[in-house]
Amino acid sequence: MSEPDDVKERLQEMRHRAEDLERAAEKAGDPSERQRLEDEAHRLESRSEQVSGMSSGDIYPMW
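Attention here is on the structure that accompanies the text. For clarity, every value in this text was computed on a predicted model and none was experimentally measured.

### Some details on the nonpolar core
Then, in step 1: Within the largest apolar cluster, 8 residues are counted, these being M14, A18, L21, A25, A28, L37, A41 and L44.
Then, in step 2: Secondary structure elements with two or more residues in this core: α1 (3–27) and α2 (31–55).
Then, in step 3: Looking at which element gives the most residues to this core, the answer is α1, with 4 residues.
Then, in step 4: Discounting chain neighbours no more than four positions away, the residues touching A25 are R34, L37 and E38.

### Some remarks on the pattern of salt bridges
One side chain can pair with another of opposite charge once the charged atoms of both are near each other.
Then, in step 1: A complete count under the given rule lists 3 salt bridges for this structure.
Then, in step 2: The salt bridge partner of D20 is R23, with a shortest N-O separation of 2.5 Å. In this pair, D20 and R23 both sit in helix α1, 3 residues apart, roughly one turn of the helix.
Then, in step 3: Between E40 and R43 there is a salt bridge whose closest N-O contact spans 2.9 Å. You can see E40 and its partner R43 sitting in helix α2, 3 residues apart, about one turn around the helix.
Then, in step 4: For E40, a relative accessible area of 29% puts it in the partly exposed group.

### What to know about the side chain of S48
Then, in step 1: Examined against the element boundaries, S48 turns out to sit in helix α2.
Then, in step 2: If we skip the residues at most four places from it in the chain, S48 touches L11, M14 and R15.

Definitions and cut-offs
Residues numbered from 1 in each chain as written. Predicted model: local features only at pLDDT ≥ 70, side-chain atom pairs only at ≥ 80, totals over all residues. Heavy atoms only, no water. Core = buried A, V, L, I, M, F, W, Y, C linked by side-chain atoms within 4.5 Å. Buried < 20%, exposed > 50% of the residue type's maximum accessible area, 1.4 Å probe, protein only. Helix = DSSP H or I, 4+ residues; strand = E, 2+ residues; numbered from the N terminus. Contact = heavy atoms within 4.5 Å. Salt bridge = Lys/Arg side-chain N within 4 Å of Asp/Glu carboxyl O.

None of this, on its own, says anything about what the molecule does.
If you want it as C-alpha cells, here you go:
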C-alpha cells in the first residue's frame, strides 16, 4: 500500500472512531463520562483535520 493510501486509511479510521465516540457520548448517562467522550471525539476530529491538511501539502498544522 502506498503512503497516500496509508494516510487515507488512517484518516478514515480516526473519523470513524470519532463518530463512535460521539454516539457513545449521546448514550452516556453520566455527565462527566459524556464530556470525556465528547472531548476525545473532538481531539480525534482535530487531529484528522491536521493530518489531512499536512498530507495535502499544507505546511502549517492547525493547532
